[in-house]
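Structural overview for review
Next come the chains, spelled out residue by residue.
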Amino acid sequence: MVPSLQLDTQVASGCTTLVISGECDQDDVEVLEQALTVVVEDAPPVLIVDVSRLLFGDSVLLHFLLSAQRAQTAAGGRLEVRGPLAPAVERLLRETGTYEAFTVTGAGDAA
């Protein structure tokens, strides 16, 4: 059985971490939009999106990351995408030319 999308938010002083686990696809659009609304509401100086436990992501994930990046930039904050990235997630970012648009940490030898 394929693991469904799971989200966990951790808030610390000056930093909010959103951990995304499982698989992310078109069925998860509303869940991710709601999560983004909640995490950027407080305009944390740093928003970390931890995808180290994400097995698969498609254009829905990419749209979410780009939207989070825009929201953080508009609020004067920054976004960090924390890996290591699953092969499918890294391929998505590289093939769309967006890998370099993000600060990716924990990517191992992939960079």
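Not measured: the values here are computed from a predicted model.

Moving on, we get to the confidence of the model for the protein. Residues with a pLDDT of 70 or more make up 93% of the protein, whose mean pLDDT is 91. No element of the protein has a lower mean pLDDT than helix α1 (residues 29-41), at 91, and none a higher one than strand β4 (residues 78-82), at 97.

Another aspect to go through is the packing of helix α2 (residues 59-74) against helix α3 (residues 87-95). Running from N to C, α2 and α3 cross one another at 65°; their axes reach a closest spacing of 10 Å. The element α2 and its partner α3 pack so that their crossing is right-handed. Between α2 and α3, the residues in contact are S59, L61, L62 and L65 and V89, L92 and L93, respectively. When its residues are assigned to classes, the contact of α2 with α3 shows 6 nonpolar, 1 polar and no charged.

The next thing to look at is unusual backbone geometry. With an omega of 15°, the peptide bond running from G83 to P84 counts as cis. Structurally, P84 can be placed in the loop between β4 and α3. One non-glycine residue with positive phi stands out, namely A43, at about 45°. By the secondary structure assignment, A43 is in the loop between α1 and β3 (46-57). Under the relative-accessibility criterion, A43 is labelled partly exposed at 37%.

Relative to strand β2 (residues 15-24), strand β1 (residues 6-12) runs antiparallel, the two sharing 7 bridges. Each bridged residue has a counterpart across the sheet, and for Q6 the counterpart in β2 is S21. Counted along the chain from β1 to the antiparallel partner β2, the turn is 2 residues long, and its residue G14 has a positive phi close to 80°.

Our next topic: the pairing of β3. Pairing of β2 with β3, which is carried by 9 bridges, proceeds in the parallel orientation. From the neighbouring strand, T16 faces β3, where its bridge partner is L47. A crossover links β2 with its parallel partner β3, the connecting element being α1, and its sense is right-handed. Here β3 pairs with β4 via 5 bridges, running parallel.

Cut-offs used in this document
Residues numbered from 1 in each chain as written. Predicted model: local features only at pLDDT ≥ 70, side-chain atom pairs only at ≥ 80, totals over all residues. Heavy atoms only, no water. pLDDT = per-residue confidence, 0-100. Helix = DSSP H or I, 4+ residues; strand = E, 2+ residues; numbered from the N terminus. Axes fitted to C-alpha atoms, helices over the stretch in contact; angles between N-to-C directions. Left-handed = near helix turned anticlockwise from the far one by under 90°. Contact = heavy atoms within 4.5 Å. Nonpolar A, V, L, I, M, F, W, Y, C, P; charged D, E, K, R; others polar. Buried < 20%, exposed > 50% of the residue type's maximum accessible area, 1.4 Å probe, protein only. Pairing = 2+ DSSP bridges. Right-handed = clockwise from strand over helix to strand, strands pointing away.

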